Amino acid sequence: SSDLIRNYKNLKHDNYLRNIFSIYLKSSISPKLDLLIGYKNWVKNYPSILTSHNYLSHRPFMKLNFQLNRTTYLGVKTEFQWHKGLLYPSQSNINNIKNFSGSRYLLEVFGNKILFKSFFVDLIYKLEYDVPSNLNNQSTGNNQDEEPEDLLIEDPDYDYLKNQVAVTFLYRIDSKLSFFSFVVLQNKDFNHWRINTTNNILRSDIFFYSSLILKYKILPNFQINMYYNYENRNSNLIKMNYSRNTLGIGLQYSF
């Protein structure tokens, strides 16, 4: 189970309490093949919004993990989600819609490998299909209360087909210095969101995100992190286009 409470001093409408509960059963089909069957429950409440549609999601899943060799793992996961309510409060301005329930179908194929003892690569392909109960549900595109990595996992939109490829690199340069990179390329086609009613053109987005992090361990429990993030969305709905560059530095202490 995982809990998170986030309090915004200047943006009280974004305050939330989130709880994620997960349980699964694992069975070894063979020495190298494991089967996992489980259930995940998502709850997200907004105490500062009296009219908010709190979020609830039921997520049964099944997963296969296969160890190809000592340094290589492959797998596949399928998940069904039934959800209702708003995942992000910035969507609460959709006042004319009462039914925010829907279904989401996910298929993931993944693999990871250790190369040269110090280089780790992880690759995930995700196919995602969202079917809302009300086809008029549309996101505002202004979802700012989560980190970009969270938005990639928990999509705030409705009624779409999405293909996504994510690659993670981790390279341990020496005992103190390591490099981490996370890159995502995503294509999302909306099923009923018309941007041009004359020609019946549907909205379509291409999204790219990359994060580069350099970590230096000053002491066994203390390190400094320097990072650069780049985010870009190219949509045929012009007002949804944007790009963002972020530079940062931070200190991390492990207890």
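Residues numbered from 1 in each chain as written. Predicted model: local features only at pLDDT ≥ 70, side-chain atom pairs only at ≥ 80, totals over all residues. Heavy atoms only, no water.

A. Structural view of the overall build of the chain. Assigned secondary structure in the chain consists of 1 helix and 12 strands. Across the chain, helices and strands are ordered from the amino to the carboxyl terminus as β-β-β-β-β-β-β-α-β-β-β-β-β. When the 255 residues of the chain are sorted by exposure, 35% land in the buried category. Nonlocal contacts in the chain, meaning residues at least 24 apart in sequence, comprise 55% of its contacts between residues at least 6 apart. Within the structure as shown, the chain displays about 15,000 Å² of accessible surface, and the carbon and sulfur contribution to it stands at 59%. (Helix = DSSP H or I, 4+ residues; strand = E, 2+ residues; numbered from the N terminus. Buried < 20%, exposed > 50% of the residue type's maximum accessible area, 1.4 Å probe, protein only. Contact = heavy atoms within 4.5 Å. Areas by Shrake-Rupley, 256 points an atom, 1.4 Å probe, with all protein chains shown as cover.)

B. Representation of the side chain of Asp157 within the structure. Along the polypeptide, Asp157 turns up in the loop between helix H1 (148–153) and strand S8 (160–172). Side-chain polar atoms of Asp157 contact the side chain of Lys188, separated by 2.7 Å. (Polar contact = N/O pair within 3.5 Å; in protein donor to acceptor, adjacent residues only side chain to side chain.)

C. Just a nonpolar patch on the surface, in detail. Where nonpolar side chains cluster on the molecular surface, the patch consists of Ile29, Leu64, Val76, Leu107, Val109, Leu123, Tyr125 and Val165 and spans about 590 Å² of accessible area. Along the chain, Val165 falls in strand S8. (Patch = residues over 30% accessible without salt bridge, like charges linked within 9 Å, V, L, I, M, F, W, Y side chains within 5 Å. Salt bridge = Lys/Arg side-chain N within 4 Å of Asp/Glu carboxyl O.)

D. Spotlight on unusual backbone geometry. Residues other than glycine seldom take positive phi values, yet Phe116 does so here, at roughly 55°. Along the chain, Phe116 falls in the loop between strand S6 (102–115) and strand S7 (119–132). A relative accessible area of 74% places Phe116 in the exposed class. The phi dihedral of Lys117 is positive, around 70°, even though this residue is not glycine. Residue Lys117 is classed as exposed on the basis of its relative accessible area of 83%.

E. Seen up close, the pattern of salt bridges. In the structure shown here, the tally under the stated rule is 13 salt bridges. Between Arg104 and Asp130 there is a salt bridge, with its nearest N and O atoms 2.8 Å apart. Pair noted here: Arg104 is in strand S6 and Asp130 is in strand S7, with a separation of 26 residues, a long-range link. Accessibility assignment for this pair places Arg104 and Asp130 in one class, buried. Glu128 serves as the salt-bridge partner of Lys126, at 3.9 Å between the closest nitrogen and oxygen. Take Lys126: its relative accessible area is 8%, and that puts it in the buried class. Under the relative-accessibility criterion, Glu128 is labelled buried at 1%. One salt-bridge network, held together by shared partners, links Arg104, Glu108, Lys126, Glu128, Asp130, Asp155, Asp157, Lys162 and Lys188.

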